[in-house]
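Understanding the architecture of this molecule
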Amino acid sequence: MKAFRHPYVLFGGLIVVLLIFSALFADWIAPYAPDAINLEKRYQPPSWRHWFGTDEMGRDVFSRTVYGARISLGIGVSARTLGLLIGLVVGCISGYYGGKVDLILQRFVDMTLAFPFLLLVISIAVIFSEMEQDLLGVLIALSAVMWASLARLMRSQVMVVKERDYVTAARAFGASDFRIILRHIIPNSYVPALIWWTMGLAQAVMAEAGLSFLGLGAQPPTPSWGGMINYGSPALRIAPWVSIFPGAALAFTVLGFNLLGEGLRDVLDVRWEEKAPRSE
Amino acid sequence: MTTYLFQRLLWMIPVLLGVVTITFFLSRLAPGCPADAMAGQRASEEQRQLIRERYGFDQPLHVQYGKYLWNLLRGDLGISYDSHRPVAEIIAEKFPYTAKLAVSAMIVAVLLGVSAGLISALTPNGWADRTAMVFSLLGISTPVFWLGLLLMYFVSMRLQWLPPSGYGDGGLQYLILPAVALGTQSIAFLARMTRASMLEVLNEEYLRTARAKGAGPVRVIVKHAFANAVIPVVTIIGLDFASYLSGSVLTEKVFSWPGLGRHMVIAISQRDYPLINGTVLFFCLIFIGINLIVDILYAYLDPRIRYDS
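Residues numbered from 1 in each chain as written. Chains lettered and ligands numbered in written order. Predicted model: local features only at pLDDT ≥ 70, side-chain atom pairs only at ≥ 80, totals over all residues. Heavy atoms only, no water.

Regarding helix α12 (residues 260-269) of chain B
Those residues of α12 of chain B that sit buried are Leu260, Gly261, Met264, Val265, Ala267 and Ile268 of chain B. Projected onto a plane normal to the axis of α12 of chain B, the buried residues spread over an arc of 160 degrees and lie on a single side. The inward-facing, buried residues of α12 of chain B contact α5 (117-130) of chain A together with α5 (87-122), α11 (249-254) and α13 (273-301) of chain B. Phi turns positive one or two residues past the end of α12 of chain B, at Arg271 of chain B, with a value near 55 degrees. (Buried < 20%, exposed > 50% of the residue type's maximum accessible area, 1.4 Å probe, protein only. Helix = DSSP H or I, 4+ residues; strand = E, 2+ residues; numbered from the N terminus. Arc of directions from axis to C-beta. Contact = heavy atoms within 4.5 Å.)

Here it is as structure tokens:
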């Protein structure tokens, strides 16, 4: 509860809860179906009937923005969680066993981190896009790139924790490596992983939108914020609302995750910053 | 230092080999034969077969991989499926535009970000500090492609102060908006990092000593405080500059900037794998190279850092 007294956690948390609520109850919140076309109402400016106006097909931008939260949050959270699982497993094995296993695994980490973030994500996503598995591609691409920084972080954590007396005691009692990692190491080194997960959600959501903006994420008519910004951009002069509102929703989401992540980092007093470069 | 540099350069070989391997196999994972993409939809089966034989697509994968490595060693990145021009030639033609944008964005970011951070640190919790930190949080949270569109709409279309997109005659007026859009996140990060680093050093004993010895406030701040707070700032500058040079894909797309990033977007839409792979490889090389330069810079900025030990 102490965490919620921190203004960043409070405001960030409120934004995130609001977004999750919108994504879950989009069917009730959105006044129109996201793919309901009405060609007579193309490019209508914001009004009481259409709060965020309409797009090139006469679809309600507000409804599409609300439904778009499902894709952005869904892909962002899933990719980060998958990256967390991969990073956790690789980091724990690498740090716990050391030696050649560590050497080989860390070279994979080096290679992954040697790629500029967005470029590697694009390189993987484009293959899946070719197979017409765009959303799966974005999910796999993001998690395949994000795990590396956590693997490195967890490795250093595990290397410290595995030398503690309670781990030695567990080993002396005959506990298996799997049990030691699961019951003793992870519970004593999960805090940085939790902060990593939270702080990177903003990056994951932004990267998903970036891919959709490049035409590699959710394909029309599925509403995704990056895709909506992309398809609205040619009409920016006559109908700026088509791109501006989904972009504002995206920025609001990223702000929420950033606030929450930074607040949690302050509250849990973890002096750590992900050194992953920002590719735009 | 020389040993460290040699080790780092040596270490780049397996990392680059890994990067090359990943990009090669990723492109081969794509459905369909590259020869089909190269020949185009209207080509006959004979033409496709001719391309397969000519470029070795009919050979086993490991042979193709070996040939790919051998060609890379000779600086041959392959032939673009779309334009049928050497990829290396396209990169050499387009990269200067990307470099120009990256350098401009970094100049904007360093000037504004470091200044904002210094002002914040010198007036902690004052209105200037709070304003700078609120803007920095907003800057970090704003996606570059959306900010680009906002700038384009308000500054170019509504106010008509600057051209909305393109390269035009290469004048400054075409550069300002993309550079500001690309540099905004760095401005925000640099402001925060400069503030945090400066606050850490501002209470150090050596600053009091410098003041006691009669050093003026500007000298104390610039020569004694900032010089000691600069390392984390240089890290951010280095990482961001490497990211910018290694493809400002989204910004270049928004502003129709004729750089390598935008060309890569076009290559993606046409599934031009040699161009995608060649560009990714080139960007990785730059990325790794700049990270190495930043590491070396540390030793010059902080003489306490000695890599040989």
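Structure shown, so let's carry the discussion forward.
Topic: helix α3 (residues 61-97) of chain A
Because each turn of an α-helix spans 3.6 residues, side chains separated by three or four positions end up pointing in the same direction. Residue and element names in this part refer to chain A. With 37 residues, α3 extends 53 Å between its outermost C-alpha atoms, agreeing within 8% with the 54 Å of an ideal straight helix rising 1.5 Å per residue. Remark: the principal bend of α3, roughly 25 degrees, maps to Tyr67. With 26 of 37 residues buried, α3 is to be regarded as a mostly interior element. Looking one or two residues beyond α3, the residue adopting positive phi is Gly98, at roughly 60 degrees. (Expected span 1.5 Å × (residues − 1). Bend = angle between axes of the 7 residues up to and from the residue.)

Concerning the nonpolar core
Burial of nonpolar side chains together is a common tendency in soluble globular proteins. Membership of the largest hydrophobic core comes to 166 residues, with the highest contact counts inside it found for Phe117, Ile122, Leu142 and Leu250 of chain A together with Phe145 and Met264 of chain B. Looking at which element gives the most residues to this core, the answer is α13 of chain B, with 15 residues. Shared between two domains, this core takes at least three residues from each, and those domains are domain 1 (32-73) and domain 2 (88-301) of chain B. When neighbours within four sequence positions are excluded, Leu250 of chain A is seen to be in contact with Val205, Ala209, Trp225 and Ile229 of chain A together with Pro143 and Phe145 of chain B. Counting residues in each nonpolar core, the second largest holds eleven residues, with Met198, Val201, Leu202 and Ala229 of chain B among its members. (Core = buried A, V, L, I, M, F, W, Y, C linked by side-chain atoms within 4.5 Å. Domains from an automatic or database assignment.)

Quick look at the packing of aromatic side chains
Residue and element names in this part refer to chain A. The final tally for this structure, using the stated rule, is 16 aromatic pairs over all chains. Ring geometry for Phe52 versus Phe245: centroids 4.1 Å apart, planes at 5 degrees, classification stacked. Taken together, the residues Phe52 in the loop between α2 (26-29) and α3 and Phe245 in helix α11 (residues 241-267) connect sequence positions 193 residues apart. Relative accessible area serves as the criterion here: at 25%, Phe245 is assigned to the partly exposed category. Put simply, the rings of Trp51, Phe52, Phe62 and Phe245 touch in pairs and so form one group of aromatic residues. (Phe/Tyr/Trp six-rings, centres within 6.5 Å; stacked < 30°, edge-to-face > 60°.)

What about the interface of chain A and chain B?
Taken together, the contacts link 48 residues of chain A with 55 residues of chain B. With both chains or domains summed, chain A and chain B bury close to 4600 Å², and 74% of this area falls on carbon and sulfur atoms. Ionic pairing is found between Arg192 of chain B and Glu262 of chain A, a salt bridge with its closest N-O pair at 2.3 Å. Contributing elements (two or more residues each) for the side of chain A that touches chain B: α4 (99-114), α5, α9 (190-213), α10 (225-232) and α11 of chain A. Considering every element that reaches the side of chain A that touches chain B, the biggest residue donor is α11 of chain A, with eleven residues. Counted by class, the side of chain A that touches chain B contains 29 nonpolar, nine polar and ten charged residues. (Buried area = accessible area lost by both parts, 1.4 Å probe. Salt bridge = Lys/Arg side-chain N within 4 Å of Asp/Glu carboxyl O. Nonpolar A, V, L, I, M, F, W, Y, C, P; charged D, E, K, R; others polar.)

A short note on the confidence of the model for chain B
The pLDDT averaged across chain B works out to 85; a share of 96% of its residues lies at or above 70. Listed scores for the predicted complex are pTM 0.87 and ipTM 0.87. (pLDDT = per-residue confidence, 0-100.)

Focus on the domain arrangement of chain B
Looking at chain B, the domain boundaries give domain 1 (32-73) and domain 2 (88-301). Placing the centre of domain 1 of chain B and that of domain 2 of chain B at their C-alpha centroids yields a distance of 41 Å.

Re the pattern of salt bridges
Charged atoms that come close allow side chains of opposite charge to pair. One pass over the full model with this rule turns up 13 salt bridges over all chains. Two residues, Arg85 of chain B and Glu93 of chain B, come together in a salt bridge whose shortest N-O distance is 2.6 Å. Residue classification places Arg85 of chain B among the partly exposed residues on the basis of a relative accessible area of 26%. Through salt bridges with shared partners, a single network forms among Asp55, Glu56, Arg59 and Arg64 of chain A.

Observations regarding the packing of helix α1 (residues 2-29) of chain B against α13 of chain B
All names here are of chain B. Running from amino to carboxyl end, α1 crosses α13 at an angle of 160 degrees, the nearest separation of the two axes being 10 Å. As far as their axial angle goes, α13 and α1 are roughly antiparallel. Of the two possible hands of crossing, α1 and α13 adopt the one that is right-handed. Touching Tyr4, Leu5, Arg8, Leu9, Met12, Val15, Leu16, Val19, Val20, Thr23, Phe24 and Ser27 of α1 are Tyr273, Asn277, Val280, Leu281, Cys284, Leu285, Ile288, Asn291, Leu292, Asp295 and Ile296, all from α13. When its residues are assigned to classes, the contact of α1 with α13 shows 17 nonpolar, four polar and two charged. (Axes fitted to C-alpha atoms, helices over the stretch in contact; angles between N-to-C directions. Parallel < 35°, antiparallel > 145°, perpendicular 65-115°, else oblique. Left-handed = near helix turned anticlockwise from the far one by under 90°.)

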